[in-house]
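One-letter residues, chain by chain:
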Amino acid sequence: MTRTLTRGTKLVVASHNKGKVWEINQLIAPYGLEAVSAGALGLEEPEETEPTFEGNAKLKALAAAKGANLPALADDSGLEVECLGGAPGIFSARWAGPQKDFGLAMEKVAHEITARHGWAAPGPRANFISVLCLAWPDGETATFEGRVFGRLVWPTRGGNGFGYDPMFVPDGHDLTFGEMEPAGKYAISHRTRAFDAFRKAVLGDLSAEPVRPNADRDADGLHAAAANISTREELKTFVKYLSADLERRGQPRVNLGTLMVALEDSVGEKSDEPRWRTLAKALLAATEAKQP
Ligand code: IMP
């Protein structure tokens, strides 16, 4: 029997990735749980040295639970391609290189498949997998797994989502995850399935309550989105979100001076960053309150 969590519990999210912390916070907030990131607590991020998703999720959750003396939740996820023996698998993030360039990672996947097997219709079978691990400071752990099965397409389609989304079509659908609206993807995603298993086992006795919509800008979400952009299509989707955010707040302040400084900074210091990401960060900076 898994130990359960109660309302008001502080839960460490064992990640320094703002996007991930934000996403997990969205999932647990309705249950009265508060997510704090391992990064905000100054905890070191352990190296992912295990050969399995489960092993790496456990390693990250245990390090955070012991370091913070609080229950901690970690996730490890990736894309598994059947004819590549499960690759890129636990190396999904690493195939994108230090620049986190998923355009490049998807090309690598397509290249490996084509070189080894050719690319035959209806496309190679693949699945996304997410393993969540909840760890307690005394060393107890529980893991929960979710998968979504489908096929790969090439060339990629769509600019929504992140990572390998534009090359994955889930079974029973025609659109790639990159073409679906976020709500469509979340309804069936591997992460949602893993979270459902976590929710049933750990939050079973808690009821979800609607969270008061936050009138403030979702700065963490926007920064996480900007930091993940690798393609022109992703930039277009990002600009759509940014415009909707400005409209919602009814005060479209755009600071051209900040835009210029941000562009100069990015181009000068990080010239090998994908250019669409540089543009996204500069546009976001131009809509923030701070002055150059
Ligand atoms: P992690 O941070 O080690 O869990 O890295 C997981 C990697 O798997 C991400 O960087 C993505 O490349 C990939 N991945 C995981 N979930 C998804 C998804 O929902 N869509 C697309 N790619 C994903």
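Criteria and cut-off values
Residues numbered from 1 in each chain as written. Predicted model: local features only at pLDDT ≥ 70, side-chain atom pairs only at ≥ 80, totals over all residues. Heavy atoms only, no water. Helix = DSSP H or I, 4+ residues; strand = E, 2+ residues; numbered from the N terminus. Buried < 20%, exposed > 50% of the residue type's maximum accessible area, 1.4 Å probe, protein only. Contact = heavy atoms within 4.5 Å. Phe/Tyr/Trp six-rings, centres within 6.5 Å; stacked < 30°, edge-to-face > 60°. Pairing = 2+ DSSP bridges. Axes fitted to C-alpha atoms, helices over the stretch in contact; angles between N-to-C directions. Near = heavy atom within 4 Å. Polar contact = N/O pair within 3.5 Å; in protein donor to acceptor, adjacent residues only side chain to side chain. Areas by Shrake-Rupley, 256 points an atom, 1.4 Å probe, with all protein chains shown as cover. Expected span 1.5 Å × (residues − 1). Parallel < 35°, antiparallel > 145°, perpendicular 65-115°, else oblique. Nonpolar A, V, L, I, M, F, W, Y, C, P; charged D, E, K, R; others polar. Core = buried A, V, L, I, M, F, W, Y, C linked by side-chain atoms within 4.5 Å.

1. Topic: the overall build of the chain
For step 1, the next point in the chain: Scanning the chain from N- to C-terminus turns up nine helices and six strands.
For step 2, the next point in the chain: Dimensions of the chain, computed from C-alpha atoms along their principal axes, come out at roughly 55 × 50 × 35 Å.
For step 3, the next point in the chain: The 292 residues of the chain split such that 45% are buried.
For step 4, the next point in the chain: Excluding contacts between residues fewer than 6 apart, the proportion of contacts in the chain whose partners are at least 24 apart in sequence is 64%.

2. What to know about the packing of aromatic side chains
For step 1, the next point in the chain: Overall, the coordinates contain six aromatic pairs when judged by the stated rule.
For step 2, the next point in the chain: Look at Phe128 and Phe177: their rings are 5.9 Å apart centre to centre, the planes differ by 5 degrees, and that puts the pair in the stacked class. On the criterion of sequence distance, the pair formed by Phe128 in strand β4 (residues 125-135) and Phe177 in the loop between β6 (168-170) and α4 (182-188) is long-range, its members being 49 residues apart. Here the two residues Phe128 and Phe177 agree in accessibility, since each one is buried.
For step 3, the next point in the chain: Summarising the aromatic geometry, the rings of Phe144 and Phe198 are spaced 5.8 Å apart at their centres and angled 80 degrees between planes, so their arrangement reads as edge-to-face.

3. A word on the sheet that holds strand β5 (residues 141-152)
For step 1, the next point in the chain: Read from one edge of the open sheet, six strands run β2-β1-β3-β4-β5-β6, paired in mixed fashion. On the outer flanks of this sheet lie β2 (34-37) and β6, each paired with one strand and no other. Averaged over all pairs of adjacent strands, the angle between strand axes in this sheet comes to 35 degrees, irrespective of strand direction.
For step 2, the next point in the chain: Bridge count between β4 and β5: 11 bridges; the pairing is antiparallel. Bridging across to β5, Phe128 finds its partner in Val148.
For step 3, the next point in the chain: In the packing of helix α2 (residues 53-68) onto the sheet, contacts are made with β1 (10-13), β3 (72-81), β4 and β5, and the angle to β3 comes to roughly 160 degrees.

4. Considerations on the site of the ligand
For step 1, the next point in the chain: Near the ligand lie 16 residues; those nearest to it are Lys20, Phe102, Asp165, Lys185 and Arg191.
For step 2, the next point in the chain: Taking Ser77, its main chain carries an N or O atom lying 2.9 Å from an oxygen atom of the ligand.
For step 3, the next point in the chain: Here a nitrogen atom of the ligand and a side-chain polar atom of Arg191 are 2.8 Å apart.
For step 4, the next point in the chain: With the chains in place, 90% of the 490 Å² that the ligand exposes on its own is no longer accessible.
For step 5, the next point in the chain: Contributing elements (two or more residues each) for the shell around the ligand: β3 and α5 (190-202).

5. Some details on unusual backbone geometry
For step 1, the next point in the chain: Omega for the bond connecting Ala87 with Pro88 falls within 30 degrees of zero, at 0 degrees, which places this linkage in the cis form.
For step 2, the next point in the chain: Structurally, Pro88 is set in the loop between β3 and α3 (102-117).
For step 3, the next point in the chain: Of note, Asn69 is a non-glycine position whose phi angle comes to about 55 degrees, a positive value.
For step 4, the next point in the chain: In this structure, Asn69 sits in the loop between α2 and β3.

6. Quick look at helix α9 (residues 275-286)
One turn of an α-helix holds 3.6 residues; hence residues three or four places apart share an orientation.
For step 1, the next point in the chain: Its 12 residues give α9 an end-to-end C-alpha distance of 17 Å, which sits within 8% of 16 Å, the value for a rise of 1.5 Å per residue.
For step 2, the next point in the chain: Residues of α9 that are buried include every one of Trp276, Arg277, Thr278, Ala280, Ala282, Leu284, Ala285 and Ala286, and no others.

7. Concerning the pairing of β5
For step 1, the next point in the chain: Following β4, the chain reverses through five residues before pairing antiparallel with β5; Gly139 in that reversal takes a positive phi of roughly 100 degrees.
For step 2, the next point in the chain: Pairing of β5 with β6, which is carried by three bridges, proceeds in the antiparallel orientation. When the sheet's bridge partners are listed, Arg151 is paired in β6 with Val169.

8. Structural notes on the packing of helix α6 (residues 219-227) against α9
For step 1, the next point in the chain: Contact geometry for α6 and α9: axes closest at 8 Å, N-to-C directions at 155 degrees. Classified by the interaxial angle, the pair formed by α6 and α9 is roughly antiparallel. Residues Leu222, His223, Ala226 and Ala227 of α6 form the contact with α9, whose participating residues are Arg277, Ala280, Lys281 and Leu284.
For step 2, the next point in the chain: Looking at side-chain class alone, the contact of α6 with α9 contains five nonpolar, one polar and two charged residues.

9. What about the nonpolar core?
For step 1, the next point in the chain: Counting residues in hydrophobic clusters, the biggest one holds 21 residues, and the most contacted among them are Leu5, Ile28, Leu134, Phe198 and Leu203.
For step 2, the next point in the chain: Mapped by element, the contributors of at least two residues to this core are β1, α1 (18-28), β4, β5 and α5.
For step 3, the next point in the chain: Element by element, the count of residues in this core is highest for α5, at four residues.
For step 4, the next point in the chain: The next biggest cluster of nonpolar side chains, apart from the first, holds 20 residues, and it includes Leu79, Leu84, Phe102 and Ala126.

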